[in-house]
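Chain by chain, the residues run as shown.
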Amino acid sequence: MSTTTQPFRAGLRRGWREFLISLRNPEDLTFYLFWSGAVVVYLFLNRTTPVEGTTLTLPQVVLPGALAAMVVFGGLVGPAFALVIEKEDGTLLRMKAAPHGVRTYVTAQVVLQSLGLLPLLVLIVLPVALFAHPLMHRGAGGWVAVGALLVLALLATLPLGMVIGAVARKPGQVSTWGLLPVLGMMAISGIFVPITALWGWVQGVAQVLPMYWLGHGLRWAFLPDEARVLEAGETWRVLEALGVLGAWAAVGLLLAPRVLRRMARRESGSAVEARRQERMQRFG
Amino acid sequence: MTTETGTAVIQVRDLRMRYGTRDVLDGVDLDVHGGEVVALLGPNGAGKTTTIEILEGFRVRSGGEVTVLGSDPADAPEAWRARVGVVLQSWRDHKRWRVREVLEHLGDLYAPYSTAERPRPRPVGELLELVGLTDSADQPLMRLSGGQRRRLDVAVGIVGRPELLFLDEPTAGFDPEARREFHDLVHALVDAEGTTVVLTTHHLDEAEKLADRILVLSGGRIVADGSPDALARSVSSIAEVRWCRGGERFVHSCPDPTAFVRDLLAHDDGEVTDLEVRRATLEDTYVQLVRRHTAQEESR
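Keep in mind that this is a model prediction, so the values were computed, not measured.

Focus: the overall build of chain B
Within chain B one finds ten helices and twelve strands. With respect to the three principal axes, the spread of C-alpha positions in chain B is 75 × 50 × 35 Å. Going through the 300 residues of chain B one by one, you find that 41% of them count as buried.

Comments concerning the sheet that holds strand S2 (residues 22–33) of chain B
Residue and element names in this part refer to chain B. Here three strands make up an open sheet; going across it, the order is S2-S1-S4 and the pairing antiparallel. For this open sheet the edge positions go to S2 and strand S4 (63–68), each flanked by a neighbour on one side alone. Taken over all neighbouring pairs, the strand axes of this sheet differ in orientation by 15 degrees on average, direction set aside. The sheet contact formed by strand S1 (residues 8–19) and S4 spans five bridges and is antiparallel. Bridge pairing links Gln11 to Thr67 in S4.

Focus: helix H1 (residues 6–23) of chain A
A rise of 1.5 Å per residue sets the reference length of H1 of chain A, with its 18 residues, at 26 Å; its end C-alpha atoms lie 26 Å apart and thus fit the reference within 8%. Turning to H1 of chain A, its buried residues number three or more, namely Gln6, Pro7, Ala10, Gly11, Arg14, Gly15 and Glu18 of chain A. For H1 of chain A, the angular spread of buried residues about the axis comes to 160 degrees, placing them on one side. Buried residues in H1 of chain A make contact with helix H5 (101–131) of chain A together with helix H3 (99–108) of chain B.

Some points on the interface of chain A and chain B
In this assembly, 25 residues from chain A lie in contact with 29 residues from chain B. Those elements giving two or more residues to the side of chain A that touches chain B turn out to be H1, helix H4 (91–96), H5 and helix H11 (269–282) of chain A. Of the residues belonging to the side of chain A that touches chain B, the class tally is seven nonpolar, eleven polar and seven charged.

Some remarks on the packing of helix H3 (residues 58–88) of chain A against helix H9 (residues 210–222) of chain A
Residues and elements named next belong to chain A. The contact between H3 and H9 brings their axes to 8 Å, and the two run at 140 degrees. Accordingly, the angle class assigned to the pair H3 and H9 is oblique. Considering the relative orientation of H3 and H9, their crossing is right-handed. Residues Pro64, Gly65, Leu67, Ala68, Ala69, Val71 and Val72 of H3 form the contact with H9, whose participating residues are Pro210, Met211, Leu214, Gly215, Leu218, Arg219 and Phe222. A class-by-class count of the residues in the contact of H3 with H9 yields eleven nonpolar, two polar and one charged.

Re the environment of Met142 of chain B
Relative to the assigned elements, Met142 of chain B resides in the loop between helix H4 (124–131) and helix H5 (146–158). Not counting residues within four places of it along the chain, the set of residues in contact with Met142 of chain B comprises Lys95 and Arg96 of chain B.

Re the packing of H3 of chain A against H5 of chain A
Residues and elements named next belong to chain A. Packing of H3 against H5 brings their axes to within 10 Å, and their N-to-C directions diverge by 160 degrees. Relative to H5, the element H3 lies roughly antiparallel. Read as a crossing pair, H3 and H5 show a hand that is right-handed. Only Gln109, Gln113, Gly116, Leu117, Leu120, Leu121, Val128 and Phe131 of H5 make contact with H3, whose side of the interface consists of Pro59, Leu63, Leu67, Met70, Val71, Gly74, Gly75, Gly78, Pro79 and Ala82.

Comments concerning helix H2 (residues 26–45) of chain A
It helps to recall that an α-helix has 3.6 residues per turn; residues three or four apart then point in one direction. Residues and elements named next belong to chain A. Taking 1.5 Å as the rise per residue, H2 with 20 residues should run 28 Å; its terminal C-alpha atoms sit 28 Å apart, in good agreement. Those residues of H2 lying buried are Ser36, Val39, Val40 and Leu43. When H2 is viewed along its axis, its buried side chains cluster within an angular range of 95 degrees and face the same direction. Seen from the buried face of H2, the exposed residues on the opposite side, beyond 90 degrees, are Pro26, Glu27, Thr30, Phe34, Ala38, Val41 and Leu45. Packing partners of the buried residues in H2 comprise H3 and H5.

Side note on the UniProt feature "transmembrane region" (unreviewed entry) in chain A
All names here are of chain A. According to UniProt, the feature "transmembrane region" (unreviewed entry) maps to residues 29–45, 65–85, 106–131, 143–167, 179–202 and 238–256 in the numbering used here. Between the first and last C-alpha atoms of residues 65–85 the distance is 29 Å; the span itself is 100% helix and 0% strand. Between the first and last C-alpha atoms of residues 106–131 the distance is 39 Å; the span itself is 100% helix and 0% strand.

Notes on the pairing of S2 of chain B
Look at any regular strand and the pattern is simple: side chains alternate between the two faces of the sheet. Residue and element names in this part refer to chain B. Bridge analysis of S1 against S2 gives nine bridges, and the strand direction is antiparallel. By the bridge assignment, Met17 is partnered in S2 with Leu25. The hairpin turn running from S1 into S2, its antiparallel successor, is two residues long, and Gly20 in that turn takes a positive phi close to 65 degrees.

Re the environment of Asp274 of chain B
Residue and element names in this part refer to chain B. Here Asp274 is to be found in strand S12 (residues 272–278). Take Asp274: there are 10 C-beta atoms within 10 Å of it, and that puts it in the exposed class. It is 31 Å that separates the C-alpha atoms of Asp274 and Ser227, two residues lying 47 residues apart in sequence. Beyond its immediate sequence surroundings of up to four residues, Asp274 is in contact with Trp243 and Cys244.

A few points about the UniProt feature "domain: ABC-2 type transporter transmembrane" (unreviewed entry) in chain A
This chain's UniProt record puts "domain: ABC-2 type transporter transmembrane" (unreviewed entry) on residues 16–222 of chain A. Secondary structure within residues 16–222 of chain A divides into 79% helix and 0% strand; the distance between the first and last C-alpha atoms comes to 29 Å.

Procedures and definitions
- Residues numbered from 1 in each chain as written.
- Chains lettered and ligands numbered in written order.
- Predicted model: local features only at pLDDT ≥ 70, side-chain atom pairs only at ≥ 80, totals over all residues.
- Helix = DSSP H or I, 4+ residues; strand = E, 2+ residues; numbered from the N terminus.
- Buried ≥ 20, exposed ≤ 12 C-beta atoms within 10 Å, placed from the backbone.
- Pairing = 2+ DSSP bridges.
- Axes fitted to C-alpha atoms, helices over the stretch in contact; angles between N-to-C directions.
- Expected span 1.5 Å × (residues − 1).
- Arc of directions from axis to C-beta.
- Contact = placed C-beta atoms within 7 Å.
- Nonpolar A, V, L, I, M, F, W, Y, C, P; charged D, E, K, R; others polar.
- Parallel < 35°, antiparallel > 145°, perpendicular 65-115°, else oblique.
- Left-handed = near helix turned anticlockwise from the far one by under 90°.
- UniProt positions renumbered as here; feature names shortened; annotations may be inferred.

Shown next as structure tokens:
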């Protein structure tokens, strides 16, 4: 067996196994059902609401943005929490003690976090397709574009999510330094409120961030050409979308290996023990 | 690659570790040979865990030379990891995994490093049998008791059939029976596979039962190094003789108890009862050693 590909294959198996474990875990299942249920119910209640300036309904227009929000949120916050928690409980140290364990662990995180988004996407897209007809206006090519955009979005978010988890010393820091900015990004990225309704400078900020552009890209992939009147400048900007998502991916992929190596180097039994003591004090 | 009995598995020269201005390790020298079981003993804060973490490659030292299985652990290749087993304190990882799943997955990582003498990984069934977890194989880790959890940690430590095994307080939380089973397991590993073992412990009796050699660490230095027997002799050659005579108890300390007792019994007119001769135990030795070195530290 080759020692260079083994960690990746072991990582794929580890990620798949963790995914199966999460599927048999009641908390994870509740999480999937709650969020998908909330989105589906909201869209169902507004299934006949027309969108001004187009022949489309609200669910058709909002769904791509909702998917974008979930993928970017999950891609950043998912690995950040996983890493900070598994640093604290010693999972990472356990992996560090095995040959190529950290590489296996990181591969598994990529697999797990990507697979972990699938149940959510499926549980939203399938029911919504029943009442928001048609969901996809661009045929098979549109679905290919959706798939490609989601992969690019994972590249733009997972490495940065891991960086957040690697830098954070305790879960509380992920909540404040990771979760809040992502929620802020969600508020201004044209998911809930059309971006054109926001102040100019807020629009500017949103257009540097990945969530707006993933939403824009997905709307382009799902919706007919007439829907461009809803976008800023009333035009599709697919190249810009790819460019911004690609730039975030490049930053993440450049940063993550360095930060993860530094994090792994610092892991030791006493580091885990010190965090355990701190945790016990936190919970008194 | 197998380490032969008697060759140096660990060589440490003038190891130093400094946090800020505090020297935690202040020139440690030590050698561990193939097939040896060495116990690191010392009061809290003596540098035991720091030393073992440097040897494990988990911590970068401030100075000195360290060779473990032929490599510097600070930048050893991943193949080196496959030859080393580690059992640390307080692990709560992989909570939702089942025992068998964890052992299968971690075992996988060792497969590329299998050799004829050391087939890696060790089969999961054999491993479960060895540590006595066969009945819990399908339990999620979060449902294991403290003792079972510790056995799993040991199982993970030896899944790759290591040539060198580090055990940090391995029997913390074990009941006496589990402790004895663990001691048998370590002896079996050493006898059957020539595994070299370095352990830290607070239990002197454990060190005495398991170790061929005991190193006492105090104030960042090794203050004693020898077999449990030799250690007990080196510090205190004085024995205590106790006896009763006419309802009264007597205690006498002397360097040559044999001569004293011979003399005592020759002139006692048959009145001496409850005669007891007690050599300094390892515990006496240890307490004396640590006290002596703490006093020296303070007077410096």
